[in-house]
Amino acid sequence: MSGRTVIFTWTQTVADLIAEGAEVWAHCSPCRSRWRCDLVKIAKVKGPLYSLWNRTSPCRTPGCAGRVWFKAQCPGSKAWVHFSDADPAVVGRLHEAWRASRDGEMLGEEVRLNPAVEARLQA
Ligand SMILES: [Zn+2]
């Protein structure tokens, strides 16, 4: 779909980002604060199949009512991928797969993670 952000495979889920060794930052437009995200922590809290695509999160700066957006960079690349404006239909499938994994409704399919990612989540 033209004009839409391309969802690269390595950006699909938090587990994919960890496997890639990606660096992810949160940005708040209203207060201009930014911080590097702890992907392992996000995977532990939200689940490894959580997707940052088209998502925002409340800013954690005291007194700021803004919402942060996310961007990622993979090692060796200078380009940043912004997790916004992707095709809602594609993002909807990612978010649906995450919800299903949270609800234990994977229809008999175990969530299989890259062993290196699994080890980081167990640590
Ligand atoms: Zn803020």
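Before going into details, it helps to say that this report is about the structure given with it. It should be emphasised that the depicted structure is a prediction, and the values quoted were computed from it without experimental measurement. (Residues numbered from 1 in each chain as written. Predicted model: local features only at pLDDT ≥ 70, side-chain atom pairs only at ≥ 80, totals over all residues.)

1. Remarks on the overall build of the protein chain
Broken down by element type, the protein chain carries 4 helices and 5 strands. Each helix and strand of the protein chain, ordered N terminal to C terminal, gives the series α-β-β-α-β-β-β-α-α. The globule rule puts the C-alpha radius of gyration for 123 residues at 14 Å, and the 15 Å found for the protein chain is close to it. For the protein chain, the spread of C-alpha atoms along the principal axes amounts to about 45 × 40 × 30 Å. Classification of the 123 residues of the protein chain by burial places 25% in the buried group. Within the protein chain, contacts between residues at least 6 apart in sequence are counted, and of these 69% link residues at least 24 apart. (Helix = DSSP H or I, 4+ residues; strand = E, 2+ residues; numbered from the N terminus. Rg over C-alpha atoms; globule rule 2.2 N^0.38 Å. Buried ≥ 20, exposed ≤ 12 C-beta atoms within 10 Å, placed from the backbone. Contact = placed C-beta atoms within 7 Å.)

2. Remarks on the nonpolar core
Within the largest apolar cluster, 24 residues are counted, with the highest numbers of intra-cluster contacts made by Val14, Ile18 and Leu39. Considering every element that reaches this core, the biggest residue donor is helix H1 (residues 14-20), with 4 residues. Not counting residues up to four positions away in its chain, the partners in contact with Leu39 are Val14, Leu17, Ile18 and Val24. (Core = buried A, V, L, I, M, F, W, Y, C linked by C-beta atoms within 7 Å.)

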